[in-house]
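# Reading the structure
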Amino acid sequence: MKVKPDYAICELADLQKRQSLSFTLNVKDEVVSGFLVVTEQGFRAYKNSCPHWGVELNWKPDEFFNVDFTHLLCSVHGALFKPDDGECVFGPCVRQRLEPIPVKVIDGTVYYSGK
Ligand code: FES
């Protein structure tokens, strides 16, 4: 699948150093606001929208993990999500999921690969 250079999000090495990273892209007429996280399976991207209230999860830039880096944390009411599939396992939206965003790596750069 081809990706547009405009849809480049970050360098994979930069993501691996930071563990998580937020991004915003203009894709056609839509603004895609999401975040990337490093997981045991590699990395994942999700929309930055909690399934509980539809608000952004993080209260600090680029920080989405809980303190022991086992789960993704919604800072509003403390919901915890599994990094690899975005399923909520604790909090007010248990069994709901973060919405995945399609991404792929080409030559060390992470690209949005939807649409
Ligand atoms: S808004 Fe995320 S847990 Fe309530």
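Above this note sits the structure.
These numbers were taken from a predicted model, which means no experiment stands behind them.

## Looking at the overall build of the protein chain
Each helix and strand counted, the protein chain has one helix and nine strands in total. The globule rule puts the C-alpha radius of gyration for 115 residues at 13 Å, and the 14 Å found for the protein chain is close to it. A principal-axis box enclosing the C-alpha atoms of the protein chain has dimensions of 40 × 30 × 25 Å. Among the 115 residues that make up the protein chain, the fraction classed as buried is 40%. The long-range share in the protein chain, meaning contacts at least 24 apart out of those at least 6 apart in sequence, stands at 44%. About 6700 Å² of surface is accessible on the protein chain, with carbon and sulfur atoms providing 50% of the total. With 13 positive and 15 negative side-chain charges, the protein chain shows a spacing of 5 Å between the two charge centroids.

## Some words on the sheet that holds strand S9 (residues 109–112)
Here three strands make up an open sheet; going across it, the order is S1-S9-S8 and the pairing antiparallel. Taken across any chain shown, the strands that pair with only one partner, and hence form the sheet edges, are strand S1 (8–11) and strand S8 (103–106). With strand direction ignored, the average angle separating the axes of adjacent strands in the sheet is 30°. Relative to S9, S1 is paired through three bridges, and the arrangement is antiparallel. Within S9, the residue paired with Ala-8 across the bridge is Tyr-111.

## Describing the pairing of strand S2 (residues 20–27)
The sheet contact formed by S2 and strand S3 (residues 30–39) spans eight bridges and is antiparallel. Bridge pairing in S3 links Asn-26 to Val-31.

How each quantity is defined
- Residues numbered from 1 in each chain as written.
- Predicted model: local features only at pLDDT ≥ 70, side-chain atom pairs only at ≥ 80, totals over all residues.
- Heavy atoms only, no water.
- Helix = DSSP H or I, 4+ residues; strand = E, 2+ residues; numbered from the N terminus.
- Rg over C-alpha atoms; globule rule 2.2 N^0.38 Å.
- Buried < 20%, exposed > 50% of the residue type's maximum accessible area, 1.4 Å probe, protein only.
- Contact = heavy atoms within 4.5 Å.
- Areas by Shrake-Rupley, 256 points an atom, 1.4 Å probe, with all protein chains shown as cover.
- Lys, Arg positive; Asp, Glu negative; His and termini not counted.
- Charge placed at Lys NZ, Arg CZ, Asp CG, Glu CD.
- Pairing = 2+ DSSP bridges.
- Axes fitted to C-alpha atoms, helices over the stretch in contact; angles between N-to-C directions.

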